[in-house]
Amino acid sequence: MKKIFSIIILVVLSMSVMQAQESSTVGFTPSSYYTFSWNTTFPIGDLNKWVDQPGPAGFDFGGRYIIKNGLTAGFNIAWQRVSKIYDAQTYTIPDKGVAITARNYRFTWMVPFQAVIAYHLRPDRLISPYLGLGIGGDYMEHHLMIQEYDIYETCWDFSLTPEIGILAKFGQFSSWGALLAFNYKWTTNRIKIYETTSSDLQMLNLKVGIVLTVR
Amino acid sequence: MKTKLSFFILGLGLMFTVSCTKYPPASDRLLEDLAIITQYDTKINFNDYHTYSLPTSITKITDKDTTQITGSTVTAILDQIDKDMQSRGFLKVAATDKPDFGMSVVYYQNTYVYTYSYNYWYYPYYNWYYPYYPVYYSSYTAGMLNMDLVDLVKTDPVSQKLYVRWNAYIRGLLTGDHTNLEISNSVHQAFVQTPQIKTTAN
């Protein structure tokens, strides 16, 4: 299902590039646009010690209001999960002489919410790259599951997300387009479960989605 | 505009479906895996002990009865315990030769029955009825191997009870498929995660 959807997105992006060769400007002045995208998270730094593989389970919804001359402001809200199964991990409680070895499942749910400001380098073109910065926070739940036991902690945080992306409209007068973006997120979130301690969680995100422009 | 909004909502739903994936439910998946839990008495010095004895069968306790079991799996378990204890420096002796430790090996097999219900109301056209609570029953059988290293030298001065200086539990033996090799490796892991069990007295 995910592969089919990815292929559809790539085809749509290709179509927009071909259209751009015929006419490179947008036929109307948009007032705002909305994006929704499939989000893949790549844990880095301390978060990579917790889960060391990408998490393709995630989606992002955003809105941008055009202020003037390519400058936009808006919001983003998302949901994301990173997870991995670790075989035969041993946890100890040394002062009690206890040790447990079992397959365990680690995952983190994230709900990021941010205010975003972005600058579009060529806002009147069909293909418009942009640079943005998101400032906001996240709610995260970190879970460690061993057999039927679920050890978890929740944590709110502050986060910063610089982003680079590209919007490609499907036609001169089309309200629809495609989005491809990449961002780096730094958070003050932390994990402290048994012997795992991580702080200032960081990640990279890849967003592929569609755009609806409002006139 | 309505068409655009419909496509917008459809796309949002599609995105949500694509991005949401199931995670393994704990009861179905993680319970199939063996888990090895150990605890030792942090107040004693295992170097003060030299010998141990080992039974020739395993006690099996179920909901219905208690029996002594033998067989290839039992042999594999007892052989692994033997190997690990001797590699830690302990000397195996007969139970009648006053060993310092006695190894007790018990296998528990229990069937757990649990109930769950969903609450829902029924609202017919004119008046409403009391809620109906259908109850569902389900069960699972769990197996656990318990190894206790019992101190046969020192007893509680008041109650005269024997101390257990180390115990190990291997859970998940009846859920999923586990070979004799997996079970032996789990027994070995119980010793690996307790490096304190060793003696240089022999």
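Remember, it's a predicted structure, so these values are computed and weren't measured experimentally.

Rules used throughout
- Residues numbered from 1 in each chain as written.
- Chains lettered and ligands numbered in written order.
- Predicted model: local features only at pLDDT ≥ 70, side-chain atom pairs only at ≥ 80, totals over all residues.
- Helix = DSSP H or I, 4+ residues; strand = E, 2+ residues; numbered from the N terminus.
- Buried ≥ 20, exposed ≤ 12 C-beta atoms within 10 Å, placed from the backbone.
- Contact = placed C-beta atoms within 7 Å.
- Axes fitted to C-alpha atoms, helices over the stretch in contact; angles between N-to-C directions.
- Parallel < 35°, antiparallel > 145°, perpendicular 65-115°, else oblique.
- Left-handed = near helix turned anticlockwise from the far one by under 90°.
- Nonpolar A, V, L, I, M, F, W, Y, C, P; charged D, E, K, R; others polar.
- Expected span 1.5 Å × (residues − 1).
- pLDDT = per-residue confidence, 0-100.
- Pairing = 2+ DSSP bridges.

Our focus in this paragraph is the overall build of chain B. Looking only at helices and strands, chain B has three helices and eight strands in total. Helices and strands in chain B line up, N terminus first, as α-β-β-β-β-α-β-β-β-β-α. When each of the 202 residues of chain B is scored for burial, the buried share is 21%. For chain B, the share of sequence-separated contacts (at least 6 apart) that also reach a separation of at least 24 residues comes to 74%.

Here we come to the environment of P129 of chain A. Residues and elements named next belong to chain A. Position of P129 relative to the elements: it lies in strand 5 (residues 127-146). Once the C-alpha coordinates of P129 and A181 are considered, the two residues, 52 residues apart in sequence, prove to be 9.3 Å apart. Other than its neighbours up to four places away in sequence, P129 contacts L121, R122 and I166.

Attention now goes to the packing of helix 2 (residues 72-87) of chain B against helix 3 (residues 180-192) of chain B. Residue and element names in this part refer to chain B. Packing of helix 2 against helix 3 brings their axes to within 9 Å, and their N-to-C directions diverge by 25°. Taken together, the axes of helix 2 and helix 3 lie roughly parallel to each other. Note on packing geometry: the crossing formed by helix 2 with helix 3 is right-handed. Residues S72, T73, A76, I77, Q80, I81 and D84 of helix 2 form the contact with helix 3, whose participating residues are N180, I183, S184, V187, H188 and F191. In the contact of helix 2 with helix 3, the residues fall into six nonpolar, six polar and one charged.

Helix length check: helix 3 of chain B, at 13 residues, gives a terminal C-alpha distance of 18 Å against a target of 18 Å (1.5 Å per residue), a fit within 8%. Buried residues of helix 3 of chain B: S186, V187, Q189, A190 and F191 of chain B, and no others.

This part takes up the confidence of the model for chain B. Residue and element names in this part refer to chain B. With 67% of its residues at a pLDDT of at least 70, chain B reaches an overall mean of 78. No element of chain B has a lower mean pLDDT than helix 1 (residues 2-19), at 56, and none a higher one than strand 5 (residues 91-92), at 95. Ignoring residues within four places in sequence, the model shows residues 120-129, a span with pLDDT below 50, making seven contacts including any to other chains. In the predicted complex, the global pTM is 0.70; the interface-specific ipTM is 0.73.

Residues and elements named next belong to chain A. Bridge analysis of strand 5 against strand 6 (residues 149-169) gives 20 bridges, and the strand direction is antiparallel. Across the sheet, the residue bridging to I127 is A168, located in strand 6. Count of turn residues in the strand 5/strand 6 antiparallel hairpin: two residues, of which Q147 carries a positive phi of about 50°. In terms of strand pairing, strand 6 meets strand 7 (residues 176-187) through nine bridges, oriented antiparallel.

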